[in-house]
Amino acid sequence: MSDCVGYVGPDADRMHALPRASQGLTLLPLGPFHVAVDARNTTALHASATSITIGMRSPSLPHAHGVEIRWDGQRVVIDADPFEQRRLYWQRVGGGVAFATRIDLLPTQPASCCPATVAAQWCLSMNLSERALFDGVERLPAEHRLTIGPDGSTHLGRLTPASAEQTDAADAAAVLQDVLRSYASSYDIVLGLSGGFDSRTLMAAMLGAGIPFRVHTYGTATMPDVRRAIEVARRAGVALTVTDLSTIAWDVDAVVNSMKRTAWQTEASYPGAHALVFDDPDRLGPRALLVDGGYGALWRGGFGNHLLVRHAKALRDRDAGIVANALMRREPTLLREDLRTTAVAACTGLVQQAMDAMPVFDARSGRACLDEFFLRWNPRGYVASPQSVYDARLASVMPFLDRRFARAARGMTADQRANGRLFRRILNGAPAIAGMPYVGKRNDVPAFAAGRPLLAALTSLLTPRYAKTASIDSICYRLLRPAMLDLAHSTPVAPFDLFDTDAVRSMLQHTPANGDDAAIAQLLDWFSLSIMSA
């Protein structure tokens, strides 16, 4: 765990009264104050007499990929990294300020939810809100600094972004290999491999770096991602561990408890079904460092291609209504009536704020404009979620968000990165796996079309679609459906009474265990939010 909770203010004795501060957490000094931490975690939490770091600390890099808390001799200073890879929450308590890595560690538990954040998390493909899910709780946004004086006074300011020097694909590829080598000396490297472009690019970088590693994949034996990961690992001659979720004898109560922990760790924004894989500490081994290929799409022009093709005028005119509609992943039909009626307007308002904070969209540099938009807003919406899940279970790192690699990749032009050019440069170093097909949304993507949206769309018309197989969500839904039916017929408790009970019951009744994937995903998200009150 990377749990951390503290109090800064005139009444220092409040620290001893914070909830759970004495339940498995250790009090450490921070200047004249104290912070309670899980001192057992030596990979995602580092402490000294004047500073505490939450998140993996890269060798040869002074900053962590997460939150840094320090006493500068006059005040407590808390910094969030550029991608908000770990979250920190705070609230005013009496004359001071309490802060924590999880909302349920704060002394005053929330009584209501923030409607705009609920709408964004439920409806948009990425949560553009910089607020926490709950009212009365503040969240430290990415690349911001919170200072807290001994008297409880606060100041929130934006940090100056690091500048990037001009680079090319060879430079960025070399930096990525150096990043991976820096972890290999201390850990047993385990690559989380799917059938996609990003994790295979990391695999090629590892092979090129000459570091020892093994591969882990999970799902079911019939899933395209799992089958392709097995084929790729065998072709590369790399040891492979497969976790087949359909063969595990799950305990329902343990699964529900795990999903509740995951919900509090991530504000219910991470699919609890995936977190189950890492609940077993022996699955990957005691010295394992899970290498996650998440957010590779940021560096290959992988985000927002539909916006460029269909909505360039809306981007140029800053028409948030059209852009918000394009970013919708689902309608607010399950939300209770007052939230449902304001959800679209709330999402549009957040999209407008995000667009207004960016440079003017220029069609000639449209790819660069979109890349900057998604670099700024996409990671902070979700990246803290998998890292919070991992930190509670094992050591992990996302090399594509490592500051060294991010600086090198950002030094390239958007055209140099777009259409997967940077990634293909890395993959060329491992020809045995580079030419194998990749797993797309509905069918295989030939190697020559990977990372090229238009080519991938054209080839999808010519290749057969995957047969429907049991998904991770469907396995979890089949197991939990009886518990979900029970919960749907109980009285919801504020602040988790966010849903239209009749609509939820109707969807449950009309969604069998092998039902529609989109409906199952909605019901699992409803369940994650609802069990936080249990």
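What counts, and at which threshold
- Throughout this document, residue positions are counted from 1 along each chain, in the order its sequence is written.
- Residues qualify for local features only when their pLDDT is at least 70, as the model is predicted, and side-chain atom pairs are given and counted only at 80 or more; totals for whole chains, interfaces and linings, by contrast, use all residues.
- The side-chain quantities take in all heavy atoms of the structure and omit both hydrogens and water.
- Axis angles are defined between N-to-C directions and span 0 to 180 degrees, where every axis is a line fitted to C-alpha atoms and, for a helix, only to the segment in contact.
- Counting from the N terminus, the helices are the DSSP runs of H or I reaching at least four residues and the strands are the DSSP runs of E reaching at least two.
- Orientation labels follow simple angle bins: below 35 degrees gives roughly parallel, above 145 gives roughly antiparallel, 65 to 115 gives roughly perpendicular, and whatever is left gives oblique.
- Crossing handedness is read from the near helix: turned anticlockwise from the far helix by less than a right angle, it gives a left-handed crossing, and turned clockwise, a right-handed one.
- Throughout, a contact is declared for two residues whenever any of their heavy atoms are within 4.5 Å.
- Residue type decides the class: Asp, Glu, Lys and Arg count as charged, Ala, Val, Leu, Ile, Met, Phe, Trp, Tyr, Cys and Pro as nonpolar, and the leftover types, Gly among them, as polar.
- In this description, strands pair whenever DSSP reports at least two bridges between them.
- The rule for a salt bridge is simple: a side-chain nitrogen of Lys or Arg has to be within 4 Å of a carboxyl oxygen of Asp or Glu.
- Only protein chains enter the calculation, and the probe is 1.4 Å; a residue is then buried if its accessible area is under 20% of its type maximum, exposed if over 50%, and partly exposed in between.
- One less than the number of residues in a helix, times 1.5 Å, gives the span that helix is expected to have.
- Side-chain atoms alone can form a polar contact between residues adjacent in sequence; in general such a contact is a pair of N or O atoms within 3.5 Å, and within protein one must be able to donate a hydrogen while the other accepts it.
- Among buried residues, those of type Ala, Val, Leu, Ile, Met, Phe, Trp, Tyr and Cys that are joined through side-chain atoms within 4.5 Å constitute a nonpolar core.
- Any two rings among Phe, Tyr and Trp, with Trp reduced to its six-membered ring, count as a pair given centres within 6.5 Å; such a pair is stacked if its planes are under 30 degrees apart, edge-to-face if over 60, and tilted if neither.
- The criterion for a charge sitting over a ring is simple: Lys NZ or Arg CZ within 6 Å of the ring centre, and within 35 degrees of the ring normal.
- The angle separating two fitted axes, one through the seven residues that finish at a residue and one through the seven that start at it, defines the bend at that residue.

Focus: the packing of helix α19 (residues 501-509) against helix α20 (residues 517-530)
Working step 1: For the pair α19 and α20, the least separation of the axes is 10 Å and the interaxial angle reads 135°. Taken together, the axis directions place α19 and α20 in an arrangement best described as oblique. Classified by chirality, the crossing of α20 by α19 is left-handed. In this structure, α19 contributes Val504, Met507 and Leu508 to the contact, and α20 contributes Ala519, Gln522, Leu523 and Trp526.
Working step 2: For the contact of α19 with α20, a count of residues per class yields six nonpolar, one polar and no charged.

A few points about the side chain of Thr101
Working step 1: Looking at the secondary structure, you find Thr101 in the loop between β9 (96-100) and α1 (115-123).
Working step 2: In this structure Thr101 touches Ser2, Asp3, Cys4, Ile54, Arg87 and Tyr89, once residues within four positions along its chain are discounted.

What about the sheet that holds strand β15 (residues 240-244)?
Working step 1: Here we have five strands laid out as an open sheet, ordered β15-β14-β13-β16-β17, and parallel in their pairing. Edge positions in the sheet fall to β15 and β17 (395-397), since each of these pairs with one other strand and no more. Pairwise comparison of adjacent strand axes, ignoring direction, gives a mean angle of 30° for this sheet.
Working step 2: Inspection of the sheet shows strand β13 (residues 188-192) paired to strand β14 (residues 214-219) by three bridges, in the parallel sense. Looking across to β14, one finds that Gly192 is bridged to His216.
Working step 3: Against the sheet, helix α3 (residues 197-209) contacts β13, β14 and β16 (288-291), and its axis sits at roughly 150° relative to β13.

Some thoughts on the environment of Val8
Working step 1: Here Val8 is to be found in strand β1 (residues 4-8).
Working step 2: In this structure, the C-alpha to C-alpha distance between Val8 and Ala98, residues 90 residues apart in sequence, is 6.5 Å.
Working step 3: Setting aside residues no more than four positions away along its own chain, Val8 makes contact with Phe33, Val76, Gly96, Val97, Phe99, Ile148, Gly149, Pro150 and Gly152.

Focus on the pattern of salt bridges
Working step 1: Scanning the model with the defined rule gives 32 salt bridges in all.
Working step 2: In this structure, Arg158 engages Glu143 in a salt bridge whose closest nitrogen and oxygen atoms are separated by 3.7 Å. With Arg158 in strand β12 (residues 154-158) and Glu143 in the loop between β10 (138-139) and β11 (144-148), this pair connects stretches of sequence that are 15 residues apart.
Working step 3: We classify Arg158 as partly exposed; its relative accessible area is 40%.
Working step 4: The residue Arg393 makes a salt bridge to Asp279 at a minimum N-O spacing of 2.7 Å. Highlighted residues: Arg393 in the loop between α12 (384-391) and β17 and Asp279 in the loop between α6 (272-275) and β16, separated in sequence by 114 residues.
Working step 5: Judged by its relative accessible area of 29%, Asp279 is partly exposed.
Working step 6: Shared partners join several salt bridges into a network, and the residues in it are Glu84, Arg87, Arg139 and Glu267.

With respect to helix α5 (residues 252-266)
Residues three or four positions apart in an α-helix share a direction because the helix packs 3.6 residues into each turn.
Working step 1: Its 15 residues place the ends of α5 21 Å apart at the C-alpha level, agreeing with the 21 Å of an ideal helix rising 1.5 Å per residue.
Working step 2: Val255, Ser258, Met259, Thr262, Ala263, Trp264, Gln265 and Thr266 are the residues of α5 that are buried.
Working step 3: Looking at the packing, one finds that the buried side of α5 touches α6, α12, α18 (472-488) and α20.
Working step 4: If you check the start of α5, you find a side-chain oxygen 3.2 Å away from the backbone N of Asp253, and it comes from Asp251.
Working step 5: Of the residues one or two after α5, Glu267 is the one with positive phi, at around 55°.

A look at the sheet that holds strand β8 (residues 89-93)
Working step 1: Ordered in space as β2-β3-β1-β9-β8-β10, the six strands form an open sheet in which the pairing is antiparallel. Of all the strands in the sheet, just β2 (26-30) and β10 have a single pairing partner and so form its edges.

Details of the nonpolar core
Working step 1: Trp299 and Leu422 are the most contacted members of the largest nonpolar core, which totals 151 residues.
Working step 2: Ignoring sequence-local partners within four residues, the contact set of Trp299 consists of Phe83, Leu375, Phe400, Phe405, Ala406, Ala409, Arg410, Arg417, Leu422 and Phe423.
Working step 3: In this structure, Cys4, Val76, Leu146 and Ile148 belong to the second largest nonpolar core, which totals 22 residues.

Observations concerning the packing of aromatic side chains
Working step 1: Taken as a whole and assessed by the stated rule, the structure comprises 15 aromatic pairs.
Working step 2: Where Phe197 meets Tyr438, the ring centres are 5.3 Å apart and the plane angle is 90°; that geometry is what we call edge-to-face. With Phe197 in helix α3 and Tyr438 in strand β18 (residues 438-439), the pair connects residues that are 241 residues apart, well separated along the chain. Accessibility assignment for this pair places Phe197 and Tyr438 in one class, buried.
Working step 3: For the ring pair Trp264 and Phe496, a centre distance of 6.0 Å and an interplane angle of 85° mean the geometry is edge-to-face. Taken together, the positions of Trp264 in helix α5 and Phe496 in the loop between α18 and α19 put the pair 232 residues apart, joining distant regions of the chain.
Working step 4: The buried category is assigned to Trp264, whose relative accessible area is 12%.
Working step 5: Judged by its relative accessible area of 8%, Phe496 is buried.
Working step 6: The structure contains a cluster of three or more aromatic residues connected by ring pairs, namely Phe197, Trp299, Phe400, Phe405, Phe423 and Tyr438.
Working step 7: The ring of Tyr438 carries Arg200 above its face, with NZ or CZ at 3.7 Å from the centroid.
Working step 8: A cation sits over an aromatic face here: Arg330 above Trp122, 4.4 Å from the ring centre.

Details of the pairing of β2
Working step 1: Of the strand pairs in this sheet, β2 and strand β3 (residues 33-37) are connected by five bridges, and their pairing is antiparallel. In the strand pairing of β3, Pro29 is matched with His34.
Working step 2: Taken together, β2 and the strand that follows it, β3, pair antiparallel across an intervening segment of two residues, in which Gly31 is found at a positive phi of about 60°.

Let's talk about helix α10 (residues 337-356)
Working step 1: When the terminal C-alpha atoms of α10 are compared, their 29 Å separation across 20 residues agrees well with the 28 Å that a helix rising 1.5 Å per residue should span.
Working step 2: Its maximal kink placed at Ala343, α10 deviates by approximately 45°.
Working step 3: Contacts from the buried residues of α10 go to α1, α8 (312-317), α9 (320-327) and α11 (366-382).

Re the environment of Phe448
Working step 1: Along the chain, the position of Phe448 falls in the loop between β19 (444-445) and α17 (453-460).
Working step 2: Judged by relative accessible area, which is 49%, Phe448 ranks as partly exposed.
Working step 3: In this structure the C-alpha to C-alpha distance between Phe448 and Asn428, which are 20 residues apart in sequence, comes to 12 Å.
Working step 4: With residues near it in sequence (within four places) discarded, Phe448 still touches Leu455 and Thr459.

The analysis is restricted to geometry; functional conclusions fall outside its scope.
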